[in-house]
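# Coordinate inspection notes
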Amino acid sequence: MKPQRFLPEGAPLAGHRPKLGFLGTGWIGRNRLMAIARSDLADVSCIADSDGAMLEQACRLTPGSEVLHNLDQLLERELDGLVIATPSAMHPEQAIRALKAGVAVFCQKPLGRDRKEVSHVVAAARDANRLLGVDLSYRFTTGFQMIAERIGRGNIGTVFSLDLEFHNAYGPDKPWFYERHLSGGGCLIDLGIHLVDLAVWLLQPTGVRVVDAALYSNGQRMRSSSNVVEDFATATLECNDGATIRLACSWRLHAGCDAIIRCRFFGERGGLEFSNVGGSFYDFHAHHHLGTSSSELCRPPEDWSGRAAVDWLRRLAENPGYDPACEQFVRSARILDDIYYAGLRQE
């Protein structure tokens, strides 16, 4: 299965114009709502949130949308698709209910807090024959699309080593992120999920084994009995074909800038690198390395954060049925589970 390419912005819709609902209108939900509204490729029929202030802000983006307050009300409407941007603990149940009602789903990451929850959602999509997407947005940056193309063409030969980093100088501002039973974990499931997803998406490994891992909270190694969530995680993974993946992610790291986001791919005939510019969360460039020389593949600025949602919308318009590509979400969830198990010192 080749890494998926997104359609050019402005391309005409291949099918009918979907009718959408939005559940959750916090910052990320409004960002995706704005991207879809700006694309003008769907009718945003209704929006729902239990927070009146959030709803009021969302209404300014789509003033013609019906205002609702919960999932029950959304599912009473005749929707083609539902965008879910609620706290992580709610994702599995809400996604499954929508899919069983015959509604395609685009969900914020993580789809579930562990492999079991993710597997149940994917199974619901398969049983209902409905499209399931997750907002793994970095796939849709120009840099990663160009890297995927070059890896697929064999430009750098067989990829044998990946170095993946995502360090955020800040931490989430909502209390539920720090409650393991609500979030599923800390920086690993929040940031590391992107790194694991990119590795699985680009390499398509038949299997991945966790060689070692370590999780920290406030500079202390965590134990399996800990009730806190990790703010630093590191792991070494080995693919069945021999490729080695090293990843690290963190919240509130003293790194001298807002963020460090860097992914490097090494093959016997060259290297590819994706990295943020000047500590930015939004500006990236990509390079193709050959020996001591380097050529730039792309540079900022670009408006990429809503592309995953718009791409899901285009696929929904063309075919609302089940796409087996979503099974990659289960593979990534399993790897995250294995890192958590290996990284938490057993009592």
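Our structure's up above, just so we're on the same page.
Every value quoted in this text rests on a predicted model; they were computed, and no experiment measured them. Along each chain, residues carry numbers from 1 onward, in the same order as the chain's sequence is written. Restriction of local features to residues with pLDDT of at least 70 applies here, the model being predicted, together with a cutoff of 80 or more for giving and counting side-chain atom pairs; totals for whole chains, interfaces and linings are based on all residues. Calculated side-chain values reflect all of the structure's heavy atoms, with hydrogen atoms and water omitted.

We call a residue buried when its accessible area falls under 20% of the maximum for its residue type, exposed when it is over 50%, and partly exposed in between, using a 1.4 Å probe and counting protein chains only. Starting at the N terminus, helices and strands are each numbered in turn, a helix being any DSSP run of H or I of at least four residues and a strand any DSSP run of E of at least two. Residues Ala259, Ile261, Cys263, Phe265 and Gly267 line the buried face of strand 12 (residues 259-267), whereas the alternating positions Ile260, Arg262, Arg264 and Phe266 sit on a face that is not buried. Direction of pairing for strand 7 (residues 159-168) relative to strand 12: antiparallel, over a ladder of nine bridges. Residue pairing for strand 12: Leu164 is matched across the bridge by Cys263. We treat two strands as partners when DSSP finds at least two bridges between them. Here strand 12 pairs with strand 13 (residues 270-276) via six bridges, running antiparallel. Bridging from a neighbouring strand, Arg262 pairs with Ser275 of strand 13. The antiparallel hairpin formed by strand 12 and strand 13 contains two residues in its connecting segment.

Under the convention used throughout, the expected extent of a helix is 1.5 Å for every residue step, that is, one less than its residue count. A rise of 1.5 Å per residue sets the reference length of helix 10 (residues 328-343), with its 16 residues, at 22 Å; its end C-alpha atoms lie 23 Å apart and thus fit the reference within 8%. Buried within helix 10 are the following residues: Gln328, Phe329, Val330, Ser332, Ala333, Ile335, Leu336, Ile339, Tyr340 and Gly343.

Here the focus is the nonpolar core. Counting 55 residues, the largest nonpolar core has Phe144, Phe265 and Ile339 as the members making the most contacts within it. By residue number, the principal contributor to this core is helix 8 (residues 187-203), which donates 13 residues. Contacts are residue-level and defined by heavy atoms, with any inter-residue pair within 4.5 Å sufficient. In contact with Phe144, not counting residues within four places along its chain, are Tyr138, Arg139, Leu198, Trp201, Leu202, Cys263, Phe265 and Phe274. Counting residues in each nonpolar core, the second largest holds 30 residues, with Cys46, Leu71, Leu79 and Val121 among its members. In this description, a nonpolar core means a group of buried Ala, Val, Leu, Ile, Met, Phe, Trp, Tyr and Cys residues linked to one another through side-chain atoms lying within 4.5 Å.

Relative to the elements of secondary structure, Asp311 occurs in helix 9 (residues 307-318). A C-alpha to C-alpha distance of 9.4 Å links Asp311 and Gly133, two positions 178 residues apart in sequence.

Before going further, it helps to examine the pairing of strand 2 (residues 43-48). Along strand 2, five of the six residues are buried, which leaves the element largely enclosed by surrounding structure. Summarising the sheet, strand 1 (residues 19-23) and strand 2 pair through five bridges and their orientation is parallel. Paired with Leu20 across the two strands is Val44, which belongs to strand 2. With its strands directed away from the observer, a crossover is right-handed exactly when the path from the first strand over the helix to the second travels clockwise. In the classification by handedness, the crossover that spans strand 1, the intervening helix 1 (residues 27-39) and the parallel strand 2 is right-handed. Note that strand 2 and strand 3 (residues 66-68) share three bridges and pair parallel. Considered in strand 3, the bridge of Ile47 is made with Val67. The parallel pair strand 2 and strand 3, bridged by helix 2 (residues 52-61), forms a crossover whose chirality is right-handed.

With that out of the way, let us pick up empty space enclosed by the protein. Note on definitions: the grid is 1 Å and covers protein atoms alone; a cavity is a set of points where a 1.4 Å probe fits but cannot get out; a pocket is an open set with protein on both sides within 12 Å along at least five of seven lines; lining residues have an atom within 4 Å of a point. Grid points are joined across faces, edges and corners, and a volume is the space filled by probe spheres set on the points. In the structure shown here, the tally under the stated rule is three cavities of 30 Å³ or more. In this structure, the largest cavity spans a volume of roughly 170 Å³. Taken together, 19 residues make up the lining of the largest cavity; nearest its centre are Val118, Ile193, Phe329, Ala333 and Leu336. Among the elements that line the lining of the largest cavity, the one with the most residues is helix 10, at six residues. Here the term charged refers only to Asp, Glu, Lys and Arg, the term nonpolar to Ala, Val, Leu, Ile, Met, Phe, Trp, Tyr, Cys and Pro, and the term polar to all other amino acids, Gly among them. Here the lining of the largest cavity is built from residues that sort into eleven nonpolar, two polar and six charged. One number sums up the size of the second largest cavity: a volume of about 40 Å³. Taken together, Tyr138, Phe144, Phe166, His194, Leu195, Leu198, Ile261, Cys263 and Phe274 form the lining of the second largest cavity. Those elements giving two or more residues to the lining of the second largest cavity turn out to be helix 8 and strand 12. Per-element tally for the lining of the second largest cavity: the top contributor is helix 8, with three residues.

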